[in-house]
Amino acid sequence: MSNGIDRKKFLQLGGLGLGLGAVGAGLSGNRLTNVSSVSLASPHAATLPNNLHQEVDWQQIDRDHEAKVQTFIENIGQDPDFWRQPLEFTMDGDTKVFEITCSEVMWETEPGKVFAAFAYNGLVPGPEIRVTEGDSLRFIVHNEMNQSTSIHWHGVDVPNSQDGVPFVTQPVIEPGATFTYEFVAPNPGSHMYHAHHNSLEQVVGGLLGAFIIEPKDKRNEPVVDGEFTMILNDSFLGFTINGKSFPYTQPLTAKVGERIRIRYMNEGLMIHPMHLHGMPQRVIAKDGYYLPAPYFVDTLNIAPGERYDVIVEAREAGIWAFHCHILTHVETRQGLFGMVTPLIIEE
Ligand SMILES: [Cu+2]
């Protein structure tokens, strides 16, 4: 989803005015420097401050925090893939045919943080799959990785033979091999697709994506002005939203009076309570199923494997912080990182 937010508008909305310009001037050269090897330990394992009264260089702390915000501002609009586009398909008769290639990539999550990762069609997470209930679907999966894999359609009520569990419902897809899944799009809702072989490495390492099935009958769908899918991940690639860590996340955007729909999906190993400042989130669906009684929250806890759909009414213009509230997932003494991005509301 494109947005019209640029640096100038951001500063106007935030009321910051001048002062940030000089701070980030030297930052762009920091990209793509360190290459970290895959490690189960969080690359962002925070050292909790246990000597709070110790003398610190508070001005350095402030400068580091400000520089991260400046990098975020400079990067707004620079990542057209952050809000994933639907995966394109071809038609074979009445069947929608999708091609998915699994490969090894180097994936940059934030300036200077580059990880060995796995990707669907070159992206972490993979492209969004968006279809309509009742569609005939075919997924041709090519494995170009150095290990076998399979795809599980998480939350999608497929026939057992298409469920993607190796040595149970299918053989593994070995390196160099191709495997085809075929089924009719069943229960509508916000679902996911991900690897189901050596999953600890493959899912958390990048083989994950959104699988959205729109209902055939849209009369009961909420009418919204914008839609955003936020895929949460942690561990191997750090704390990320749609594969990126602040300051390389992108803002959600809306105009005053608009309603937006957010689809949360957690593909990581930890819970993430997502907190939006300034206005509530109305929870309308859990795991793709509409709730009989939607409810309001300001913080919504999303456990591994879960999906939630929420509606936010953009009440007041401004730059509203939006972040996981486990603070070791979002901030260190060096500034914000990880699962942070703002909701920017314009007049
Ligand atoms: Cu978190």
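Residues numbered from 1 in each chain as written. Predicted model: local features only at pLDDT ≥ 70, side-chain atom pairs only at ≥ 80, totals over all residues. Heavy atoms only, no water.

Engineer: Is there a simple way to think about the overall build of the protein in this case?
Structural biologist: Scanning the protein from N- to C-terminus turns up three helices and 23 strands. Buried residues in the protein amount to 51% of all 347 residues. Just so you have it, the protein exposes about 15500 Å², and 53% of that area is on carbon and sulfur atoms. (Helix = DSSP H or I, 4+ residues; strand = E, 2+ residues; numbered from the N terminus. Buried < 20%, exposed > 50% of the residue type's maximum accessible area, 1.4 Å probe, protein only. Areas by Shrake-Rupley, 256 points an atom, 1.4 Å probe, with all protein chains shown as cover.)

Engineer: Sorry if this is basic, but what is going on with the pairing of strand 11 (residues 226-233) here?
Structural biologist: In summary, the side chains of a regular strand alternate between the two faces of the sheet. Of all eight residues that make up strand 11, seven are buried, and the element is covered over most of its length. Two strands pair when backbone bridges link them, and strand 11 and strand 14 (residues 259-266) are joined in this way by seven bridges, in the parallel orientation. Its bridge partner lying in strand 14, L232 is registered against N266. Two strands pair when backbone bridges link them, and strand 11 and strand 12 (residues 240-241) are joined in this way by two bridges, in the antiparallel orientation. The partner of N233 across the bridge, within strand 12, is T240. Where strand 11 folds back on strand 12, the antiparallel hairpin that results is connected by six residues, among which S235 adopts a positive phi of roughly 75 degrees. (Pairing = 2+ DSSP bridges.)

Engineer: Any chance you could explain helix 2 (residues 58-75) here in plain terms?
Structural biologist: Within an α-helix, residues lying three or four positions from one another point in the same direction, as the helix has 3.6 residues per turn. In this model helix 2 runs 26 Å from its N-terminal to its C-terminal C-alpha over 18 residues, within 8% of the 26 Å that 1.5 Å per residue would give. Buried residues of helix 2: A67, K68, Q70, T71, F72, I73 and N75, and no others. Buried positions along helix 2 lie against helix 1 (7-14), strand 22 (335-336) and strand 23 (340-346). Phi turns positive, to about 85 degrees, at G77, one or two residues after helix 2. (Expected span 1.5 Å × (residues − 1). Contact = heavy atoms within 4.5 Å.)

Engineer: Sorry if this is basic, but what is going on with the packing of aromatic side chains here?
Structural biologist: The geometry of an aromatic ring pair is captured by the separation of the ring centres together with the interplanar angle, meaning the angle of the planes. This structure, assessed with the given rule, holds 17 aromatic pairs. Arranged with centres 4.8 Å apart and planes meeting at 90 degrees, the rings of F82 and W83 form a pair that is edge-to-face. Here F82 falls in the buried class, since its relative accessible area comes to 0%. An aromatic cluster is defined as three or more aromatic residues linked by ring pairs; in this entry it consists of F89, F98, Y120, F139, W153, F179, Y181, F183, Y193 and F211. When the ring centre of W107 is taken as reference, the NZ or CZ atom of K244 above it lies at 4.7 Å. (Phe/Tyr/Trp six-rings, centres within 6.5 Å; stacked < 30°, edge-to-face > 60°. Lys NZ or Arg CZ within 6 Å of the ring centre and 35° of its normal.)

Engineer: How should I be thinking about the nonpolar core in this particular structure?
Structural biologist: Burial of nonpolar side chains together is a common tendency in soluble globular proteins. One finds I100, I129, F139, W153, Y181, F183 and F211 to be the most contacted residues of the largest nonpolar core, which totals 43 residues. Secondary-structure elements contributing two or more residues to this core are strand 3 (95-110), strand 4 (113-120), strand 5 (129-132), strand 6 (136-143), strand 7 (151-154), strand 8 (178-184), strand 9 (189-195) and strand 10 (208-214). The contact partners of F211, leaving out residues within four places of it in the chain, are I129, V131, L137, F139, W153, V156, F183, G189, S190, H191, M192 and Y193. Judged by nonpolar contacts, the second largest core, of 40 residues, contains F82, F228, I241 and F337. (Core = buried A, V, L, I, M, F, W, Y, C linked by side-chain atoms within 4.5 Å.)

Engineer: Quick question: what am I supposed to make of the sheet that holds strand 20 (residues 318-324) here?
Structural biologist: Strands belonging to one sheet form pairs held by backbone hydrogen bonds; the direction of such a pair is parallel or antiparallel. Taken together, five strands build an open sheet; the order of strands is 13-23-20-15-18 and the sheet is mixed. Looking at which strands have only one partner, the edges of the open sheet turn out to be strand 13 (252-255) and strand 18 (299-302). Averaged over all pairs of adjacent strands, the angle between strand axes in this sheet comes to 20 degrees, irrespective of strand direction. Inspection of the sheet shows strand 15 (residues 272-276) paired to strand 18 by four bridges, in the antiparallel sense. Paired with P273 across the bridge in strand 18 is N301. Helix 1 rests against strand 20 and strand 23 of the sheet, and its axis sits at about 85 degrees to strand 23. (Axes fitted to C-alpha atoms, helices over the stretch in contact; angles between N-to-C directions.)

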